Amino acid sequence: MANTTDDLQRRMRRARRLRRIAAATILLLLLVAGAGYGAATSDLFPRVPPGWVGVLIRRHGRSLPPGASIAPKVAPGEIPFQGIREDVLLPGWYPFAYSALDWDWEILPQTVIPPGHVGVLVRLFGEDLPDGQLFADENPADIASGTVRRGPLLKTIEPGIHPINLRAYDVRIFPVRTIEPGQVGVVCRRYGRIPTDRTAFLSRDGERGVQARFLPPGTYYVNPLAEEVRAVWIRSRRLDLGSAGRVKFHSSDGFEITVSGTVEWSLDPAQMPLVYCKYGDAMAVEQRLLLPAARTKSGLQGSRKPAREFISGSTRQTFQEEFARELRAVVEPEGMKLHSVLVNGIVPADEIAKPIRDREIAMLQREEYQQQMETERTKSQLTTETELGKRPAALAKAQARTLDITTQARRALEVELIQASSAVEVARLERDSAQRQAESILAEGAATAHLAQLRAASAGESLRRRVAAHGGGEALAHAALLEKLAPKITSIWTNTDGPIASIFGKFTAGVPTSRPAGTVARAEVEK
């Protein structure tokens, strides 16, 4: 047997070498061909377009085990199996990775799970499921040992595009489970251990059956093959006790009495799985629990009293309180919440209701007449007391008037005194202001006169210093004349012997001139 295996491995290695040589030769020929390279390589290597997957099929290798449809995975170094591989090729081109000499492939579309749906995978290969097991990935022992079984999987696929090998898996699409506001989801598990206590309504964790947990409002991507979720309304409802004579009972003296009213109730979300197992949905709870309890408790309360006592309002109020208390004691432990119990009418039989009603009306009329008489008597006393009470009021009014006039006169006098005091104070302030203004004017005049003296003294001292600096008043006057004239003179035309020329004589003394005496000279003075 060992020799046969070694010989098979040698033949396989020799075949792989020959295939590689053939592939290299073909590639070389394709490269030389040039133009036909693209088309040839497209047929030689797999090309997966976007939105599709490639399923690989090995042409050579060991034969598949009996009953197998997918090639099992092998350890490195072992001879692979021929047939379909479980993993797929994503969109792209795979040159030199998978040659047509060793592989065949099939292009399949990717799996699309639309929004609002969930996908469940069904494995098409592997060993058969053992008895009692519903899902291929349910048993942890199979996962630990690497055992692959065919059948549905617990894991779900959310909406989107998924690269799934449709030759190895089947995909079933179901709507997602949505729990609306005002509802809870009751979960029934279809797989797991057999419940330990088969008489219990709810199963424990890991057991199949109705679970103690509930799902609040929301969207759940649950596997419908593994768990069934039923949405049950828990919002407030109202039961009409008087609709079609739902609640009737007999009094202690044998008369039939009908009760009209309402019971407002709702279901406790924490106890909803247990309530659902015992009774069903909200409508079933009302018919199987609340309405029978209302009939029973009203009958017990009503049978303790005769029919005539149900006519008066006080008896109705007492009946309502006792009925509500006993009804709560029965239904609230079962997972219901009673928000209000109102009995707005108790109708006895006509043969007993009419005489009792007439007597009640007569008693009410008598009380009404007595109240009218008491009202008239009270009104007369009130009139007398009102007239007597007017005298103190008039006296108080006159006294109040006198006090008001006196108070007004005193206030007027105080106002006049305040105004006179204000006028005197204003005159005194005006006098002080005039004195301060006169003092200010005198001080301003004195300051002005002193300033003028200082300016005159300063001007005289400045003039004295200038006269002393020029050597006399005449020289100062001459310099001032020159200061005024010099900036204005640009040119002078005159005779050299004239009086004006003598002014500039000291500047030209000793300077020879070619001009004859008596000629006209031109003097130019720059600015």
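Structure's up top.
Per chain, the residues get numbers from 1 upward, laid out in the order the sequence is written. At least 70 in pLDDT is required for a residue's local features to be given in this predicted model, at least 80 for side-chain atom pairs to be given and counted, and no such filter applies to totals for whole chains, interfaces and linings, which use all residues. For the side-chain quantities, the full set of heavy atoms in the structure was used; hydrogens and water were omitted.

Chemist: For this particular structure, what's the right way to read the packing of aromatic side chains?
Modeler: Geometry of an aromatic ring pair is reported as the spacing of the ring centres plus the angle between the planes. To pair, rings of Phe, Tyr and Trp, with the six-membered ring standing in for Trp, must have centres within 6.5 Å; the planes then decide the type, stacked if under 30 degrees apart, edge-to-face if over 60, and tilted in the middle. Taken as a whole, this structure holds four aromatic pairs when the rule is applied. Seen in terms of ring centroids, Phe125 and Tyr169 are 5.7 Å apart; in terms of plane orientation they differ by 80°. Their pairing is edge-to-face. Of the two residues, Phe125 is situated in the loop between strand E7 (117-123) and helix H3 (140-145) and Tyr169 in strand E10 (residues 169-175); the sequence distance between them amounts to 44 residues. Like Phe125, the residue Tyr169 is buried in the burial classification. Between Phe135 and Tyr191, the ring centres sit 5.5 Å apart and the planes meet at 75°, which makes this aromatic pair edge-to-face. Pair noted here: Phe135 is in the loop between E7 and H3 and Tyr191 is in the loop between strand E12 (183-189) and strand E13 (209-215), with a separation of 56 residues, a long-range link. Taken as a pair, Phe135 and Tyr191 share a single burial class, namely buried. Ring pairs connect the aromatic residues Tyr94, Tyr98 and Trp103, which therefore count as one cluster. To sit over a ring, a charge needs its Lys NZ or Arg CZ within 6 Å of the ring centre and within 35 degrees of the ring normal. In this structure, Arg123 is placed above the aromatic ring of Phe125, and the distance from its NZ or CZ to the ring centre is 5.9 Å. Across the ring face of Trp233, the terminal group of Arg235 is positioned such that the distance to the ring centre comes to 4.0 Å. Helical segments are the DSSP runs of H or I of at least four residues, strand segments are the runs of E of at least two, and each set is numbered from the N terminus. Between buried and exposed lies partly exposed: a residue is buried under 20% and exposed over 50% of the maximum accessible area for its type, with that area taken using a 1.4 Å probe on protein chains only.

Chemist: What's the story with the nonpolar core in this structure? I'm lost.
Modeler: What is meant by a nonpolar core is a set of buried Ala, Val, Leu, Ile, Met, Phe, Trp, Tyr and Cys residues, joined one to another through side-chain atoms within 4.5 Å. Counting 35 residues, the largest nonpolar core has Trp265, Leu267, Met272, Leu290 and Leu327 as the members making the most contacts within it. Residue assignment for this core shows that the elements contributing at least two residues are E12, strand E18 (256-267), helix H4 (272-278), helix H5 (282-302), helix H6 (313-331) and strand E19 (336-347). The biggest single contributor to this core is H5, with seven residues. The residues touching Met272, leaving out its near neighbours within four places in the chain, are Val184, Val186, Val232, Ile234, Leu267 and Gly280. Of all hydrophobic cores here, the second largest spans eleven residues; its members include Ala136, Leu153, Ile164 and Ala168. Working rule for contacts: check all heavy atoms of both residues, and any pair within 4.5 Å makes them a contact.

Chemist: Teacher, can you tell me more about the pattern of salt bridges here?
Modeler: Two side chains bearing opposite charge may form a pair once their charged atoms approach each other closely. We count a salt bridge whenever a side-chain nitrogen from Lys or Arg sits within 4 Å of a carboxyl oxygen from Asp or Glu. A complete count under the given rule lists 17 salt bridges for this structure. We note a salt bridge from Asp128 to Arg150, for which the minimum N-O separation is 2.6 Å. Of this pair, Asp128 sits in the loop between E7 and H3 while Arg150 sits in the loop between H3 and strand E8 (151-157), placing them 22 residues apart in sequence. On the accessibility criterion, Asp128 (51% relative accessible area) is exposed. In this structure, the salt-bridge partner of Glu425 is Arg428, at a minimum N-O distance of 2.1 Å. Of this pair, Glu425 and Arg428 are both found in helix H7 (residues 350-470), three residues apart, which corresponds to roughly one turn of the helix. Relative accessible area serves as the criterion here: at 36%, Glu425 is assigned to the partly exposed category. On the basis of relative accessible area, Arg428 is assigned to the partly exposed category, the value being 36%.

Chemist: Just checking my understanding: could you explain the sheet that holds strand E3 (residues 83-89) for this structure?
Modeler: To summarise the sheet geometry, strands pair through backbone hydrogen bonds and adopt either a parallel or an antiparallel arrangement. Two strands qualify as a pair provided DSSP detects at least 2 bridges between them. Pairing in this open sheet of three strands is antiparallel, and the strands run E3-E2-E5 from one edge to the other. Edge positions in the sheet fall to E3 and strand E5 (103-109), since each of these pairs with one other strand and no more. Taking the axes of each pair of neighbouring strands and ignoring which way they run, one obtains an average angle of 30° across the sheet. Examined bridge by bridge, strand E2 (residues 52-58) and E5 share seven bridges and lie antiparallel to one another. Within E5, the residue paired with Trp52 across the bridge is Pro109. Helix axes use the C-alpha atoms of the stretch in contact, all axes being lines fitted to C-alpha atoms, and the angles between their N-to-C directions lie in the range 0 to 180 degrees.

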